[in-house]
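Structure at a glance
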Amino acid sequence: AFYWIRAHLLYFDDDTLRGCFARAGLATPSVRHAQRYGLANLAHWLATGEPQIEAPDFGAPEGYEWLDEAYRARLVADGRSDTLVAVVAPEGEGAA
């Protein structure tokens with residue numbers, strides 16, 4: 001059976017992810033955003049209303065790489081990417 005839930009945006013943003021680390025007594029992480037899925041995946045969602053389960057497309061249609069890069073960059077800049085990465089330096093070292 002297929003099961004799908006919305007991405008991490010329902011669960012974490014920069015502040016809530018840092019808060020989880022704080023509540024666990026861990027060092028405050030540097031939070032970075034990454035956008036794995038590109039325009040081809042967005043187009044599939046718009047056309048079908050469903051995710052790409054078997055073989056998600058992480059690329060861009062030929063000739064539209066520039067647009068895909070701009071799309072991903074905008075999502076990262078706005079803090080609306082599909083992936084958050086928490087980076088914590090070992091004790092005694094500077095932040096990553």
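Just so it is clear, the structure is predicted and the values come from calculations on it, not from any experiment.

**A word on helix 1 (residues 14-23)**
Along an α-helix, residues three or four apart share an orientation, since each turn contains 3.6 residues. At the N-terminal end of helix 1, a side-chain oxygen is found 3.0 Å from the backbone nitrogen of D15, two or three residues along, and the residue is D13. Looking at the residues trailing helix 1, positive phi occurs at G25, about 75°.

**Notes on the environment of V31**
Tracing the sequence through the fold places V31 in strand 1 (residues 30-34). Taking the relative accessible area as the measure of exposure, V31 reaches 11% and is therefore buried. Taking the C-alpha atoms as reference, V31 lies 8.0 Å from L17; in sequence the two are 14 residues apart.

**Topic: a nonpolar patch on the surface**
Together, Y64, W66 and L67 line one region of the surface with nonpolar side chains, adding up to about 350 Å² of accessible area. As for its position among the elements, Y64 is in the loop between helix 2 (39-48) and helix 3 (65-77). Given the relative accessible area of 44%, Y64 is considered partly exposed.

**Regarding the side chain of N41**
Residue position: N41 is located in helix 2. In this view, N41 contacts Q52 and D57; residues no more than four positions away in its chain are not counted.

**Things to note about the confidence of the model for the protein**
When pLDDT is averaged along the protein, the result is 83, and 83% of the positions lie at 70 or above. When mean pLDDT is taken per element in the protein, helix 3 scores highest with 95 and helix 2 scores lowest with 88.

**Some thoughts on the environment of L67**
Counting through the fold element by element, L67 comes out in helix 3. Assessed through its relative accessible area of 34%, L67 is described here as partly exposed. Distance in space between the C-alpha atoms of L67 and L39 is 8.1 Å, their sequence separation being 28 residues.

**Here we look at the pattern of salt bridges**
Scanning the entire structure with this criterion turns up three salt bridges. For D82, the salt bridge identified is with R36, shortest N-O distance 3.2 Å. Of the two residues, D82 sits in the loop between helix 3 and strand 2 (83-87) while R36 sits in the loop between strand 1 and helix 2, which places them 46 residues apart along the sequence. Salt-bridge contacts for R74 lead to D78; the nearest nitrogen and oxygen are separated by 3.0 Å. Residue R74 is classed as exposed on the basis of its relative accessible area of 51%. Residue D78 is classed as partly exposed on the basis of its relative accessible area of 42%.

Cut-offs applied
- Throughout this document, residue positions are counted from 1 along each chain, in the order its sequence is written.
- Owing to the predicted nature of the model, reporting of local features is limited to residues with pLDDT of at least 70; listing and counting of side-chain atom pairs is limited to 80 or more, with chain, interface and lining totals taken over all residues.
- Side-chain measures here rest on the full set of heavy atoms in the structure, leaving out hydrogens and waters.
- Pairs of N or O atoms within 3.5 Å make up the polar contacts considered here, provided that, within protein, one atom can donate a hydrogen while the other can accept it, and that residues adjacent in sequence are counted only when both atoms are side-chain atoms.
- Secondary structure elements follow DSSP: runs of H or I no shorter than four residues count as helices, runs of E no shorter than two count as strands, and numbering proceeds from the N terminus.
- Summary of the burial criterion: residues with accessible area below 20% of their type's maximum are buried, those above 50% are exposed, and those between are partly exposed, where the area comes from a 1.4 Å probe applied to protein chains only.
- Candidates for patches are residues over 30% relative accessible area with no salt bridge; among them, like charges are joined within 9 Å and nonpolar side chains (Val, Leu, Ile, Met, Phe, Trp, Tyr) within 5 Å.
- The accessible surface values rely on the Shrake-Rupley method and a 1.4 Å probe; as for residues, cover is taken only from the protein chains in view.
- By convention in these notes, a salt bridge is any Lys or Arg side-chain nitrogen within 4 Å of a carboxyl oxygen on Asp or Glu.
- Pairs of residues are marked as contacts when any of their non-hydrogen atoms sit within 4.5 Å.
- The quantity called pLDDT is the predictor's confidence in a given residue, expressed from 0 to 100.

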